[in-house]
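Listed below are the residues making up each chain.
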Amino acid sequence: MINIKEDEKLNILNHSCAHLMAHAIKHLYPNAKFWVGPVIESGFYYDIDLGDTVLTEEDLPIIAQEMKKISKSDKLIKRIELSKAEALDMFKDDLYKVDLINRMDESDTIISAYKQDDFIDLCRGPHMPTTKSMKYFKLLKVSGAYWKGDSKNKMLQRIYGVCFEKEEDLNNYLEYLEEAKLRDHRKIGKDLDIFMTHDLVGKGMPLWLPNGAIIRKNLENYIYEKEKNMGYMHVYTPCVGTVDLYKTSGHWDHYKENMFPSMKVDEEEFVLRPMNCPHHMLVYGNQLHSYRDLPVRIGEFATDFRYEASGAVKGLERVRCMCQNDAHLFVRPDQIGEEFKKVVSLILDVYNDFGLKDYKFRLSLRDPEDKEKYFDDDEMWDSAESKLREVLNELGVEYFEAIGEAAFYGPKLDVEVKPAVGPEVTLSTCQLDFLLPRRFGLTYIDKDGSKQTPVVLHRAIFGTFDRFTAFILEETKGILPFWLSPVQINIIPVNNKYHLEYSEKIYNELKNKGFRVQLDDRDEKLGYKMRESVMKKVPYTLILGQKEVDDNTISYRKIKSEDTINISVDEFIKLINEENKTS
Ligand code: TSB
Ligand code: ZN
């Protein structure tokens, strides 16, 4: 989709539209004060202080109408240049503008403002020449936003909008937004009873409902089998640790703002864990290891807690309580390349099984100039980074490099995906780490009898079960592969009076074979039940009537298809057995 911020023309147009909106708001609410109104990837927003007035979606068309009026009146948009003193004087009654002016660099000797008719606003520009340029816009939503993003500050109101040069572009964009809304996993998750949230549990803490739990269990089984075959050993460890554990790992110093606050029990101080690495370090350290034992691969489906800002939490995609498909791979330095290759191959294998195509690999490297952010061992960094590149090239994987994005402890590879709504997120990750094993004093006995420190690869293929589920719900629009669907087969008797007995027989047969099957024997019309079956995205709907009873067959309709197919029960079982395979 188009990135408005990066398209120069659209950027200026949207910025000017933000001013047009502020202008209209000033007409409608003369006491309104304005904070900032930037252009973003999907249009623009403006943060506004309206005193005690709280806007709702219903106010947006009224504001839009006033905007149209100003637009039509074709007012010139003029640039005015001011000294800092003049600017401070001009906006002296507006604490937000004064704050902005005072934050400007001393080198900003000239401050610009833009004036259109009776409205003036501080702005770097540039802008469109007249208000008439902003004809095809739409105000999209309104929400609360703390001043400067700080929850201790006043809550302002943020109105989002978007503007295009042509009506057709606007309509296409709005259509795309409508479609994205339907694809949003929060909607699908609700429609298909996959997860819920509740204020009494808290923000960012979804509850997985039975349908969601079936998906998650199947994902766990799927990845567990793959990992087991690759020599992973799975463990269970507690989702708390003492503060000392996280001081040892370094998280307490470097990751504290992402953690829940600590709690005291007797004499011990605990934290909910944000990551599982420290626990897995201890598991590795529990035994002596020889160079021959490595790689040691310790996996866990592990619950973590992270403090995510309340405005950032989103369905299953960004949560405060999550379950990682985590593993820590302890390798000798000479095994880094090979092990990394196995991880990337596993990622490709899994994405292929799910038919995922829309993703990007990002290789995050250090900035060699930045000696502070990255631990200082150029040789180690160079060799690790070139090994990762080599592997990616060998596998023919397309990737882009992000210099200066590596973690303090090593380079990493992330898989970036775009959700239906909102910015890109990371799904899979594989991070090299030279430091953590040192902090925990981990060793292996090398060939010559000397003690050496292993290197660790942190990796999560699904990322978290939460985020992965969110993503596949959006990618598939809720039509999951057969093996993952909560209800795989829905049986509808044409007439309960005559066909229920046969339907029950088929139901039992399929159920006994281990399929997730449902019998819809409600007293509702056939058409209604069939529509509901499609709405619930059930892969196979069986319609059993007199013909099927007489021939001992079944008729099925596959999701996304209009055809009804009649086959023998055995043939049908063969068909779904095939579909039940995960790859
Ligand atoms: C891979 N220690 C490593 C681990 O060994 C680690 O925790 N890496 S992480 O911080 O990148 O998290 C792993 C994955 O969890 C991410 O790639 C992302 O897919 C997922 N994730 C991170 N934060 C959230 C969140 N708030 N909600 C849902 N999933 C998340
Ligand atoms: Zn880790």
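None of the values given here were measured: they were computed from a predicted structure.

With respect to unusual backbone geometry
(1) Moving on: That bond from G125 to P126 is cis: its omega, -5°, falls within 30 degrees of zero.
(2) Moving on: Mapping P126 onto the fold places it in the loop between strand 6 (119–122) and strand 7 (136–146).
(3) Moving on: At the junction of L294 and P295, the peptide bond is cis and its omega measures out at -5° in the coordinates.
(4) Moving on: On the secondary structure map, P295 appears in the loop between helix 10 (277–285) and strand 15 (296–305).
(5) Moving on: Despite not being glycine, D117 has its phi angle at roughly 55°, a positive value.
(6) Moving on: Positionally, D117 belongs in the loop between strand 5 (111–116) and strand 6.

Focus on the coordination of the zinc ion (ligand 2)
(1) Moving on: Distances from the zinc ion (ligand 2) to its protein donors, C277 (SG), H328 (NE2) and H458 (ND1), fall within 2.0 to 2.4 Å.
(2) Moving on: Read in sequence order, the donor residues coordinating the zinc ion (ligand 2) give the pattern C-x50-H-x129-H. Of this pair, C277 sits in helix 10 while H458 sits in strand 23 (residues 455–464); the two residues are 181 residues apart in sequence, bridging distant segments of the chain.
(3) Moving on: Residue classification places C277 among the buried residues on the basis of a relative accessible area of 3%.

Re the packing of aromatic side chains
(1) Moving on: Applying the stated criterion across every chain yields a total of 26 aromatic pairs.
(2) Moving on: With a centroid separation of 5.4 Å and 70° between ring planes, the pair formed by F34 and Y46 is classed as edge-to-face. Here the residue F34 occupies a position in strand 1 (residues 33–34), and Y46 occupies one in strand 3 (residues 43–49), the gap between them amounting to twelve residues.
(3) Moving on: Measuring from centroid to centroid gives 5.0 Å for F354 and F468, while their planes differ by 80°, and the two rings are edge-to-face. Of this pair, F354 sits in the loop between helix 11 (336–353) and strand 17 (360–365) while F468 sits in helix 14 (residues 465–476), and the two are 114 residues apart along the sequence. When sorted by exposure, F354 lands in the same class as F468, which is buried.
(4) Moving on: An aromatic cluster of three or more residues is present, and its members are Y222, F301, F354, F462, F465, F468 and W483.

Some points on the site of ligand 1
(1) Moving on: Neighbouring ligand 1 are 21 residues, the closest being E308, D326, T426, L427 and T464.
(2) Moving on: Measuring from a nitrogen atom of ligand 1, one finds a backbone N or O atom of V319 at 2.9 Å.
(3) Moving on: In the model, an oxygen atom of ligand 1 is placed 2.9 Å from a nitrogen or oxygen of the H328 side chain.
(4) Moving on: Protein contact buries 92% of the 610 Å² of open area that ligand 1 shows by itself.
(5) Moving on: Broken down by secondary-structure element, the contributors of at least two residues to the shell around ligand 1 are strand 16 (321–331), strand 20 (425–433) and strand 23.
(6) Moving on: In terms of residue class, the shell around ligand 1 is made up of six nonpolar, eight polar and seven charged.

The rules behind the values
- Residues numbered from 1 in each chain as written.
- Chains lettered and ligands numbered in written order.
- Predicted model: local features only at pLDDT ≥ 70, side-chain atom pairs only at ≥ 80, totals over all residues.
- Heavy atoms only, no water.
- Helix = DSSP H or I, 4+ residues; strand = E, 2+ residues; numbered from the N terminus.
- Donors = N, O, S within 2.8 Å, 3.2 Å for Na, K, Ca; no water.
- Buried < 20%, exposed > 50% of the residue type's maximum accessible area, 1.4 Å probe, protein only.
- Phe/Tyr/Trp six-rings, centres within 6.5 Å; stacked < 30°, edge-to-face > 60°.
- Near = heavy atom within 4 Å.
- Polar contact = N/O pair within 3.5 Å; in protein donor to acceptor, adjacent residues only side chain to side chain.
- Areas by Shrake-Rupley, 256 points an atom, 1.4 Å probe, with all protein chains shown as cover.
- Nonpolar A, V, L, I, M, F, W, Y, C, P; charged D, E, K, R; others polar.

Geometric descriptors of this kind do not, in isolation, establish any biological role.
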